[in-house]
Amino acid sequence: MEGYHKPDQQKLQALKDTANRLRISSIQATTAAGSGHPTSCCSAAEIMAVLFFHAMRYKPQDPRNPHNDRFVLSKGHAAPILYAVWAEAGFLPEAELLNLRKISSDLDGHPVPKQAFTDVATGSLGQGLGAACGMAYTGKYFDKASYRVYCMLGDGEMSEGSVWEAMAFAGIYKLDNLVAILDINRLGQSDPAPLQHQLDVYQKRCEAFGWHAIIVDGHSVEELCKAFGQAKHQPTAIIAKTFKGRGISGIEDKESWHGKPLPKNMAEQIIQEIHSQIQSKKKILATPPQEDAPSVDITNIRMPTPPSYKVGDKIATRKAYGQALAKLGHASDRIIALDGDTKNSTFSEIFKKEHPDRFIECYIAEQNMVSIAVGCATRNRAIPFCSTFAAFFTRAFDQIRMAAISESNVNLCGSHCGVSIGEDGPSQMALEDLAMFRSVPMSTVFYPSDGVSTEKAVELAANTKGICFIRTSRPENAIIYNNNEDFQVGQAKVVLKSKDDQVTVIGAGVTLHEALAAADLLKKEKINIRVLDPFTIKPLDRKLILDSARATKGRILTVEDHYYEGGIGEAVSSAVVGEPGVTVTRLAVGQVPRSGKPAELLKMFGIDKDAIAQAVRGLVTKA
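Each value, and the rule that gives it
All residue numbers refer to positions counted from 1 along the written sequence of the respective chain. Owing to the predicted nature of the model, reporting of local features is limited to residues with pLDDT of at least 70; listing and counting of side-chain atom pairs is limited to 80 or more, with chain, interface and lining totals taken over all residues. Each side-chain value is worked out from all heavy atoms of the structure, with water and hydrogens disregarded. UniProt positions are given in the numbering used here, feature names are shortened, and annotations may be inferred rather than shown by experiment. Secondary structure elements follow DSSP: runs of H or I no shorter than four residues count as helices, runs of E no shorter than two count as strands, and numbering proceeds from the N terminus. In what follows, residue pairs with any heavy atoms lying within 4.5 Å of each other are defined as contacts. Pairing of N or O atoms within 3.5 Å defines a polar contact, subject to two protein rules: one partner must be a possible hydrogen donor and the other a possible acceptor, and residues neighboring in sequence count only if both atoms are side-chain atoms. Burial status follows relative accessibility: with a 1.4 Å probe on protein chains alone, a residue under 20% of its type maximum counts as buried, one over 50% as exposed, and anything between as partly exposed. For the purpose of counting charges, residues Lys and Arg are taken to be positive, whereas Asp and Glu are taken to be negative. His and the chain ends are not included. We define a salt bridge as a contact between a side-chain nitrogen of Lys or Arg and a carboxyl oxygen of Asp or Glu at a distance within 4 Å. Pairing of aromatic rings covers Phe, Tyr and Trp, the last through its six-membered ring, and needs centres within 6.5 Å; plane angles under 30 degrees mean stacked, over 60 mean edge-to-face, and all others mean tilted. Any Lys NZ or Arg CZ found within 6 Å of a ring centre and within 35 degrees of that ring's normal is scored as a charge over the ring. To form a nonpolar core, buried Ala, Val, Leu, Ile, Met, Phe, Trp, Tyr and Cys residues must be joined to one another through side-chain atoms within 4.5 Å. Here the term right-handed applies to a crossover when the path leading from its first strand over the helix to its second strand runs clockwise, the strands being oriented away from the viewer. Following DSSP output, two strands are said to pair if at least two bridges run between them.

For the chain, an unreviewed UniProt entry supplies the name Transketolase and the organism Pteropus vampyrus. UniProt, in the comment section headed Function (unreviewed entry), describes the chain in these words: "Catalyzes the transfer of a two-carbon ketol group from a ketose donor to an aldose acceptor, via a covalent intermediate with the cofactor thiamine pyrophosphate."

Peer 1: How should the environment of glutamate 157 be read in this particular structure?
Peer 2: Take glutamate 157: it is sitting in the loop between β2 (149-154) and α6 (161-172). Contacts of glutamate 157, omitting those with residues within four sequence positions, involve Ser74, Lys75, Leu125, Gly126, Gln127, Met152 and Val163. Reaching out from glutamate 157, the side chain makes a polar contact with the backbone nitrogen of glycine 126 at a distance of 2.7 Å. Here the side chain of glutamate 157 touches glycine 154 through a polar contact of 2.9 Å, landing on its backbone nitrogen.

Peer 1: Before we go on, may I ask you to explain the side chain of glutamate 514 in this structure?
Peer 2: Residue position: glutamate 514 is located in helix α17 (residues 510-523). There is no salt bridge for the buried glutamate 514, and the closest opposite charge comes from lysine 609, which lies 6.2 Å off by N-O distance. The contact partners of glutamate 514, leaving out residues within four places of it in the chain, are Leu602, Ile607, Asp608, Lys609 and Ile612.

Peer 1: I keep staring at the UniProt feature "domain: Transketolase-like pyrimidine-binding" (unreviewed entry) in the chain and nothing clicks. Help me out?
Peer 2: Under the feature "domain: Transketolase-like pyrimidine-binding" (unreviewed entry), the UniProt entry names residues 315-479. Overall, residues 315-479 shows 38% helix and 19% strand. The separation of its end C-alpha atoms is 7 Å.

Peer 1: Sorry if this is basic, but what is going on with the pattern of salt bridges here?
Peer 2: Should their charged atoms come close, side chains of opposite charge can pair. Taken as a whole and judged by the stated rule, the model has 31 salt bridges. One salt bridge connects arginine 379 with aspartate 119, and the closest N-O pair in it is separated by 2.8 Å. Within this pair, whereas arginine 379 is found in the loop between α13 (366-377) and β9 (383-389), its partner aspartate 119 is found in the loop between α4 (79-88) and α5 (128-142), the two being separated by 260 residues in sequence. In terms of burial, arginine 379 and aspartate 119 fall into one category: buried. Salt bridges linked by common partners bring Arg542, Lys543, Asp547, Arg550 and Glu579 together as one network.

Peer 1: I tried to follow the packing of aromatic side chains on my own but got confused; where do I start?
Peer 2: Within a pair of aromatic rings, the relevant descriptors are the distance that separates the centres and the angle that separates the planes. Under the criterion given, the structure shown has 22 aromatic pairs. Both rings, one in phenylalanine 91 and one in phenylalanine 117, keep their centres 6.2 Å apart while their planes meet at 85 degrees; by these two values the pair is edge-to-face. Taken as a pair, phenylalanine 91 in the loop between α4 and α5 and phenylalanine 117 in the loop between α4 and α5 lie far apart in primary sequence, 26 residues in all. Under the relative-accessibility criterion, phenylalanine 91 is labelled partly exposed at 27%. With relative accessibility at 7%, the residue phenylalanine 117 sits in the buried group. Both rings, one in phenylalanine 389 and one in phenylalanine 392, keep their centres 5.3 Å apart while their planes meet at 10 degrees; by these two values the pair is stacked. Joined through ring pairs, the aromatic side chains of Phe52, Tyr58, Phe71, Tyr83, Trp86, Phe91 and Phe117 make up one cluster. Seen from the ring of tyrosine 147, arginine 70 lies directly overhead, with NZ or CZ sitting 3.7 Å from the centre.

Peer 1: How should I be thinking about the nonpolar core in this particular structure?
Peer 2: Side chains that are nonpolar tend, in soluble globular proteins, to be buried together. Ranked by size, the top nonpolar core spans 83 residues in total, and within it Leu129, Leu178, Ile360, Phe393 and Ile400 carry the most contacts. Setting aside its immediate chain neighbours within four residues, leucine 178 contacts Leu129, Ala132, Cys133, Ala136, Val149, Ala170, Trp211, Pro235 and Thr236. Of all hydrophobic cores here, the second largest spans 51 residues; its members include Val50, Phe52, Ala55 and Val85.

Peer 1: Can you help me understand the pairing of strand β15 (residues 503-507) in this one?
Peer 2: On a regular strand, one side chain projects to one face of the sheet and the next to the other, so that they alternate. Judged by how many residues are buried, β15 sits mostly within the fold: five of five residues are covered. Side-chain alternation along β15 places Val503, Val505 and Gly507 on one buried face and Thr504 and Ile506 on a second face that is also buried. With respect to chirality, the unit in which β15 leads through α17 into the neighbouring parallel strand β16 (residues 529-533) is right-handed. Here β15 pairs with strand β18 (residues 555-563) via four bridges, running parallel. Opposite isoleucine 506, over in β18, you have threonine 558 as the bridge partner.

Structure below.
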C-alpha cells in the first residue's frame with residue numbers, strides 16, 4: 001500500500017460531516033423501528049466514515065464485485081450504521097433506512113446476505129473476524145489479488161474465544177491484507193466490558209498474536225486516516241478508543257442504553273444538535289478498486305474419472321473420503337481443504353500431498369475452521385471441505401448455524417462417528433452429530449457406507465448448495481456398490497431384497513454392514529429381510545422407505561451408531577408418521593459408551609448383527 005498522505009482540511013471536514021450523517025441515519029432508523037442499537041452505531045460513526053469513504057476501494061453500485069475490498073461487521077447489532085453507509089454511498093435509497101426491521105424490508109436487525117453488501121451473517125458475536133480471515137486468506141493465497149479485508153469488532157465480543165482463534169490464525173498466516181478495527185466503546189450490554197478503556201492491554205494482546213496494533217482516538221478522522229494508511233507485513237489491528245452513544249447528549253458513555261432506541265422527541269432534538277455540526281451536504285465518492293481478481297467458475301465440478309474400487313475389497317469411508325477429495329481437487333483449482341490437526345486421521349492429508357497450496361491447516365480450533373471456510377466460500381471464490389472428528393464439530397455448532405443463516409456453501413466431513421471407533425472412548429465418538437446437522441436449515445446430510453458411495457457423496461457435496469455434512473467411519477468395510485452405480489441426493493438404495501422379505505432394515509455406515517451380516521444369519525432360519533441404505537439422512541427417500549415397508553408387512557427396523565435422539569430412527573419415524581399399518585422399531589446407542597473393541601461395543605449397545613437378527617425375530621414372531 002502506498003505511503004500515508006494526510007488528507008487536506010476539506011476532506012477531513014467532509015469525513016466528519018459524513019460521520020454525523022451516519023449518526024443521524026442510525027438514530028432515525030432505530031427510532032422509526034422502535035428497536036435497535038443506536039448507541040452502538042454512534043460509537044463507530046467516524047470509523048465507518050473513514051473506512052468507506054477514505055480507506056476502502058469498491059464499486060458502490062456493485063457490492064459483490066470480486067475486485068472490491070471486503071467488509072465484515074462482526075458487531076452485527078450495529079447494522080443500522082452499515083445500512084446508513086450504503087445509503088450514503090448511493091446503493092440504498094435513504095427512505096429505505098426507515099423500514100429497518102420491518103418484515104417488508106431486507107434491512108434485518110442484524111446483517112444477512114439477502115443484502116447485496118453483506119457477505120456473511122453476523123450477530124452471534126465473535127464470529128466475524130474468522131470469516132474475514134477466510135476472505136483474506138483467499139485474497140492473498142488463492143486469488144493473489146490486491147483487495148483488502150476489513151472487519152469491525154466490538155469490545156464486548158473480545159471476550160469470545162473464537163476471536164482469539166481468528167487472531168492466532170491471521171498472525172500465523174501473516175494476513176497483511178487484513179485490518180481489524182476494534183471499537184472500544186467501553187460499555188457492553190448489561191455491564192462495562194471487562195477491560196473498559198485499557199487500550200494498552202488490547203494492544204499487547206493483539207501484538208502477542210502477531211498483529212501490528214495501533215491505538216487511535218476513534219472519533220478523530222485524522223488519526224483514523226493515518227492508521228488505515230499504515231502498511232505492514234502482518235495483519236493490522238486498529239484499537240479505537242470510542243464512546244458509546246457519541247454525539248447523543250445525556251446518553252454518551254452512560255450505562256443502560258444498549259439496544260434502546262431514542263424516544264421520538266429526544267431523537268428529534270439530538271438530530272438537530274448533530275445536524276448543526278454538519279458544514280456541507282456534499283458526499284464523498286467511493287474510490288474504485290484495482291481490478292486484478294481472477295474470474296472463477298465453481299459450477300458443475302465433476303470427478304475426472306469414475307471410482308475404481310472392487311466389490312468385496314475393504315476400505316474405511318474416512319480414507320475413501322480423503323482419496324475422493326484429492327481426486328476432486330484435480331477437477332478444479334478452487335476445491336480447497338481445511339483441517340483441525342486431524343489430517344492423518346480424516347485422511348485429508350492425501351489432499352494436502354497432492355494439492356499443498358490449497359490445504360489450510362487450521363490447528364485445533366474447530367470454531368475458527370468453520371468460520372474460515374465460510375469466509376473462503378464468499379462471493380463464490382472457492383468450494384471448501386473442512387474435516388475433523390465429527391464429535392468436534394459440536395463445539396462449532398453456533399458457527400455452523402450462522403453459516404446456514406449466511407447461505408454459505410460449505411462442506412464438513414466428520415470422521416470417527418459412533419461407538420465403532422473403539423478404544424478411544426466416548427469423548428471421541430460422535431453420537432449426536434446427525435441430530436445436530438439435521439437441525440440446520442437447508443442442510444444435506446450424507447452418510448455413505450462404502451468407498452464408491454463416499455466418492456459420490458464428495459462430488460455431490462461440491463455441487464450442492466447450503467451446508468453439507470459427510471459422516472465417515474473408522475472401521476474398514478466392504479465395497480458393496482459397482483463403480484458405475486448412480487447416486488443422487490435424497491435417493492436411497494435397496495441393497496438386499498427378495499419377494500419374501502418380512503422386515504425392512506435401514507442402516508448406514510457400519511450398521512448397514514451389520515444388517516447385511518444379520519441377513520445371512522436370518523436366511524438360515526428362512527427369514528428374509530430387505531436392507532436399505534438411505535445414503536442421505538437429510539433429505540430422506542420417503543417414497544422408497546414407504547414402498548419397502550409396504551412390501552414387508554409395514555415393518556421397519558432402523559439401526560444406527562448414534563444416540564436415539566435425532567438420528568436415523570427419528571428421521572425415518574418422522575418420514576412415515578401417520579402412514580397406516582407402518583411401524584418403526586429402533587436400535588441405537590442408549591447411554592454414554594466406554595472404551596472397548598469396536599465389535600464389543602456394537603454388541604454391548606445392541607446395534608450389531610446379532611441384535612439386529614434378534615429384533616427381526618421379535619417382529620416376525622409378534623405377527
